[in-house]
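Architecture and fold: a report
This is what each chain is made of:
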Amino acid sequence: MDLDYDRLVALRKQSAAWRMLRADHAALMLSFFNKVFVEQGVRSIAGAELVERLDDELFALNERLGRSAFPKSAKAYLDVWSAPENGWLRKYYPPDLDEPHYDATAAVEKAIAWVRSLEERSFVGTESRLNTIFDLLRQMTFGTETDPETRLAELTRRRHEIDQEIARVEAGEVDVLDSAALRDRYQQVTTTAHGLLADFREVEANLAEMASLPIMRGELPKGTAPAPSIREF
């Protein structure tokens, strides 16, 4: 995306994640949503449970910061955060249930990911990311190769590497990851898992937006003839 002035002005107005970072209670929302939804990978939580957990959070903060820090009730804050004009929580009713449920939106994932990126890291792992990049580059190169001989040569090379590794294991030479390599890969897995959950939420939001379109609800513009059914052919 080009970060030109007009595009950024429009994004500042339209992005729910940007609005969240500018909100008065951004720190409360980021910490609470991260604790409830992101860290535990939760996709849905009952309204009563979420109210109870937020009420406990507000009580602890008001005890430490003063009663005027967060004067509203937990439900009042949830109503604001799930309002359509904010778009930070998705409030919905599961089938056959009268109690509302909540889920964090993709905007929450994006805001939390950006805040996480601001923190200084005591451990910066690059090996697993480099391996991922090299593997993707190999897939791109091999996946677009049309010459059979070139493909066979690559497959033979990979088979030779596997045969060598098998021979080393049979000889008792087993390579294991050290603590730094393990930590590097754990960090990569955690980052990827959070990103995958954010992708799921964004896809779900896109599908919900498509479902709200009149044509997706089976509503046609005035004067438009309905499509013929299969039985008419």
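Coordinates for the structure precede this section.
All of these numbers come straight from a predicted model, not from anything done at the bench.

Parameters at a glance
- Residues numbered from 1 in each chain as written.
- Predicted model: local features only at pLDDT ≥ 70, side-chain atom pairs only at ≥ 80, totals over all residues.
- Heavy atoms only, no water.
- Salt bridge = Lys/Arg side-chain N within 4 Å of Asp/Glu carboxyl O.
- Buried < 20%, exposed > 50% of the residue type's maximum accessible area, 1.4 Å probe, protein only.
- Pairing = 2+ DSSP bridges.
- Helix = DSSP H or I, 4+ residues; strand = E, 2+ residues; numbered from the N terminus.
- Axes fitted to C-alpha atoms, helices over the stretch in contact; angles between N-to-C directions.
- Parallel < 35°, antiparallel > 145°, perpendicular 65-115°, else oblique.
- Left-handed = near helix turned anticlockwise from the far one by under 90°.
- Contact = heavy atoms within 4.5 Å.
- Nonpolar A, V, L, I, M, F, W, Y, C, P; charged D, E, K, R; others polar.
- Core = buried A, V, L, I, M, F, W, Y, C linked by side-chain atoms within 4.5 Å.
- Phe/Tyr/Trp six-rings, centres within 6.5 Å; stacked < 30°, edge-to-face > 60°.
- Lys NZ or Arg CZ within 6 Å of the ring centre and 35° of its normal.
- Expected span 1.5 Å × (residues − 1).

Thoughts on the pattern of salt bridges
- According to the stated counting rule, one finds eight salt bridges in the structure shown.
- A salt bridge links Arg-67 to Glu-63; the shortest N-O distance between them is 2.6 Å.
- Residue classification places Arg-67 among the exposed residues on the basis of a relative accessible area of 54%.

Here's the deal with the sheet that holds strand 1 (residues 45-46)
- Strands sit in the order 1-3-2 across an open sheet of three strands; the sheet is antiparallel. Edge positions in the open sheet fall to strand 1 and strand 2 (89-92), since each of these has one partner strand only.
- For strand 2 and strand 3 (residues 101-104), the ladder comprises four bridges, and the chain directions are antiparallel. From the neighbouring strand, Arg-90 faces strand 3, where its bridge partner is Asp-103.

Some details on the packing of helix 3 (residues 26-38) against helix 6 (residues 106-118)
- At a minimum axis distance of 10 Å, the contact between helix 3 and helix 6 shows a crossing angle of 110 degrees. On the basis of their axis angle, the class for helix 3 and helix 6 is roughly perpendicular. Pair helix 3 / helix 6 crosses with left-handed handedness. For the pair formed by helix 3 and helix 6, the contact residues are Leu-30, Phe-33, Asn-34 and Val-38 on the first element and Val-108, Glu-109, Ala-111, Ile-112, Val-115 and Arg-116 on the second.
- Of the residues in the contact of helix 3 with helix 6, the class split is seven nonpolar, one polar and two charged.

Concerning the environment of Phe-32
- With respect to the helices and strands, the residue Phe-32 is situated in helix 3.
- The exposure class assigned to Phe-32 is buried, which follows from its relative accessible area of 1%.
- Each C-alpha atom, one on Phe-32 and one on Leu-54, is 7.5 Å from the other, the two residues being 22 residues apart in sequence.
- What Phe-32 contacts, discounting residues up to four positions off in sequence, is Leu-50, Arg-53, Leu-54, Glu-57 and Trp-81.

Description of the packing of helix 4 (residues 47-65) against helix 5 (residues 74-81)
- Between helix 4 and helix 5, the shortest axis-to-axis distance is 8 Å and the interhelical angle comes to 110 degrees. With respect to each other, helix 4 and helix 5 are oriented roughly perpendicular. Taken as a pair, helix 4 and helix 5 cross one another with a handedness that is right-handed. Residues Leu-50, Val-51, Leu-54, Asp-55 and Leu-58 of helix 4 form the contact with helix 5, whose own contacting residues are Ala-74, Tyr-77, Leu-78 and Trp-81.
- Residues of the contact of helix 4 with helix 5, tallied by class, amount to eight nonpolar, no polar and one charged.

Remarks on the nonpolar core
- Counting residues in each nonpolar core, the largest one holds 30 residues, and the members touching the most others are Phe-33, Phe-37, Leu-50 and Trp-81.
- Broken down by secondary-structure element, the contributors of at least two residues to this core are helix 2 (16-22), helix 3, helix 4, helix 5, strand 3 and helix 6.
- Examining the composition of this core, we find that eight residues originate from one element, helix 3, more than from any other.
- Setting aside residues up to four positions removed in sequence, Trp-81 forms contacts with Leu-28, Met-29, Phe-32, Phe-33, Leu-54, Asn-86, Gly-87, Trp-88 and Leu-89.

Quick notes on the packing of aromatic side chains
- Scanning the model with the defined rule gives five aromatic pairs in all.
- Ring pairs connect the aromatic residues Phe-32, Phe-33, Phe-37, Phe-70, Tyr-77 and Trp-81, which therefore count as one cluster.
- The lysine or arginine in question, Arg-90, covers the ring of Tyr-92, its NZ or CZ lying 4.1 Å from the ring centre.

A word on helix 3
- Under the 1.5 Å per step criterion, the end-to-end length of helix 3 is only 16 Å for 13 residues, more than 12% shorter than the ideal 18 Å.
- For helix 3, the tally of buried residues reaches ten of 13 residues, placing the bulk of the element in the interior.
- Taken together, the buried positions of helix 3 are Ala-26, Leu-28, Met-29, Leu-30, Phe-32, Phe-33, Asn-34, Val-36, Phe-37 and Val-38.

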